[in-house]
Amino acid sequence: MPELPEVETLCRQLKTILPGEEILRIEILDARLGTIEGLVGRRVEAVKRRGKFLQICISGGLTAELHLRMSGRLFWQKGGVPPFPSYSRLVIAFPAGTLILIDPRRFATFTVQPVSSAPALVEDPLGGLSARRLREIARTRRRPVKSFLMDQRLIAGIGNIYACEILFAAGIDPRRPSSGLSPAEWRKVAKMSVAILERAVACRGTTVSDWRDLFGCSGTNQDHLAVYARQGEICRRCGGKIERITQGGRGTWFCPSCQQ
DNA sequence: TATAATGTTAGACT
DNA sequence: AAGTCTAACATTAT
């Protein structure tokens with residue numbers, strides 16, 4: 001569910017609440033999450049984001065790393081007592097309230113002292129992407145540019161919705177081999193990536209089905225989607241018809257007439 | 001009932 | 001060897 005803008009939204013909201021708070025209690029409601037040790041009694045020092053990971057830095061040099069995967073959400077509940085929402089999988093109680101991980105599909109992960117995975121080649125597309133760097137990384141890769149943009153080892157944070165929207169904004173066919181884009185095309189991709197992601201952050205994310213922010217509110221970026229989930233509808237730029245294809249097992253939406 | 005859903009990754013290919 | 005592709009994970013909604 002959440003991509004960079006959604007995780008950034010949660011991160012900004014948590015920053016207003018958690019720093020300085022003591023962890024009073026942790027309840028694991030889904031055994032898939034494993035055990036979580038060493039956090040109770042410690043204090044939150046900072047909240048950060050890396051790609052789609054949310055990092056909670058804890059006193060004593062610990063870091064808890066949360067990944068929401070497909071259906072994870074975070075919800076802030078004022079009181080610390082049940083009932084918790086459906087599909088609550090993890091509860092972390094603080095003096096100010098309770099942080100709840102809601103996750104129907106149970107793919108989310110929460111780890112302490114993570115074996116911090118290697119950073120992406122492009123650490124974070126917010127605040128500037130180098131077109132030359134993208135082109136350099138793409139030079140030896142022939143796979144479709146859409147799956148290139150979504151590869152977290154290469155660029156941190158872009159997922160299915162924003163990959164589709166970025167390529168529409170850049171006017172590039174998602175099936176094009178990455179190595180075949182011209183310097184001018186990479187400039188467009190770089191520029192549009194930043195623009196699309198920044199607008200989504202400003203809109204507190206995209207709510208097409210179940211995304212909600214920390215306080216249960218929908219985002220508003222769905223109002224700006226040009227292609228995602230719009231198959232059969234009219235392209236607002238050229239009047240053509242938006243199509244859906246499958247790439248790497250995921251849906252891709254694009255306008256064949258204005259994305260070349 | 002079959003399909004698709006905002007993600008990642010192990011293992012099999014090339 | 002590095003790059004690429006597929007299936008699998010678990011559950012709900014259409």
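Draft legend 1. Representation of the overall build of chain A within the structure. In terms of regular secondary structure, chain A is built from five helices and 10 strands. Whereas a compact globule of 260 residues would reach a radius of gyration of roughly 18 Å, chain A reaches 19 Å, a difference of no more than 12%. Residue burial in chain A is summarised as follows: out of 260 residues, 52% are buried. Look at the contacts in chain A between residues 6 or more apart in sequence, and 59% of them connect residues 24 or more apart. By element, 50% of the accessible surface of chain A is carried by carbon and sulfur atoms, the whole surface being about 11,900 Å². Both charge centroids of chain A, one from 39 positive and one from 24 negative side chains, sit 6 Å from each other.

Draft legend 2. The packing of helix α2 (residues 131–138) against helix α5 (residues 183–202), seen in detail. Following both chains from N to C, one finds α2 and α5 inclined at 115 degrees, their axes separated by 8 Å at the closest point. Where α2 crosses over α5, the two elements pack in a sense that is right-handed. Residues A131, L134, R135 and A138 of α2 pack against P183, W186, R187, V189 and A190 of α5.

Draft legend 3. Highlighting the domain arrangement of chain A. Per the domain assignment, the segments of chain A are domain 1 (4–112) and domain 2 (131–254). On a C-alpha basis, the centroid separation for the pair domain 1 and domain 2 is 28 Å. Of the roughly 1,600 Å² buried where domain 1 meets domain 2, counting both sides, 69% is carbon and sulfur surface. By the criterion of area lost to domain 2, the three top residues of domain 1 are P5, E6 and Q13, representing 32% of everything that side buries. Between domain 1 and domain 2 we count zero salt bridges in total. If you look at where domain 1 meets domain 2, you find six residue pairs in polar contact (both at pLDDT 80 or more). With nine residues, the single largest contributor to the side of domain 1 that touches domain 2 is helix α1 (residues 4–15). For the side of domain 1 that touches domain 2, a count of residues per class yields 10 nonpolar, three polar and five charged.

Draft legend 4. Here's a closer look at the pattern of salt bridges. According to the stated counting rule, one finds 12 salt bridges in the structure shown. The shortest N-O distance in the salt bridge between R133 and E136 comes to 2.7 Å. Note that R133 and E136 are positioned in helix α2 at a spacing of three residues, about one turn of the helix. Judged by its relative accessible area of 32%, R133 is partly exposed.

Draft legend 5. Examining the environment of G51 more closely. Positionally, G51 belongs in the loop between β2 (44–50) and β3 (53–58). Taking the C-alpha atoms as reference points, G51 and F75, 24 residues apart in sequence, are found 20 Å from one another. Apart from the residues lying within four places of it in its own chain, the contact partners of G51 are L4, A156 and G157.

The rules behind the values
Residues numbered from 1 in each chain as written. Chains lettered and ligands numbered in written order. Predicted model: local features only at pLDDT ≥ 70, side-chain atom pairs only at ≥ 80, totals over all residues. Heavy atoms only, no water. Helix = DSSP H or I, 4+ residues; strand = E, 2+ residues; numbered from the N terminus. Rg over C-alpha atoms; globule rule 2.2 N^0.38 Å. Buried < 20%, exposed > 50% of the residue type's maximum accessible area, 1.4 Å probe, protein only. Contact = heavy atoms within 4.5 Å. Areas by Shrake-Rupley, 256 points an atom, 1.4 Å probe, with all protein chains shown as cover. Lys, Arg positive; Asp, Glu negative; His and termini not counted. Charge placed at Lys NZ, Arg CZ, Asp CG, Glu CD. Axes fitted to C-alpha atoms, helices over the stretch in contact; angles between N-to-C directions. Left-handed = near helix turned anticlockwise from the far one by under 90°. Domains from an automatic or database assignment. Buried area = accessible area lost by both parts, 1.4 Å probe. Salt bridge = Lys/Arg side-chain N within 4 Å of Asp/Glu carboxyl O. Polar contact = N/O pair within 3.5 Å; in protein donor to acceptor, adjacent residues only side chain to side chain. Nonpolar A, V, L, I, M, F, W, Y, C, P; charged D, E, K, R; others polar.

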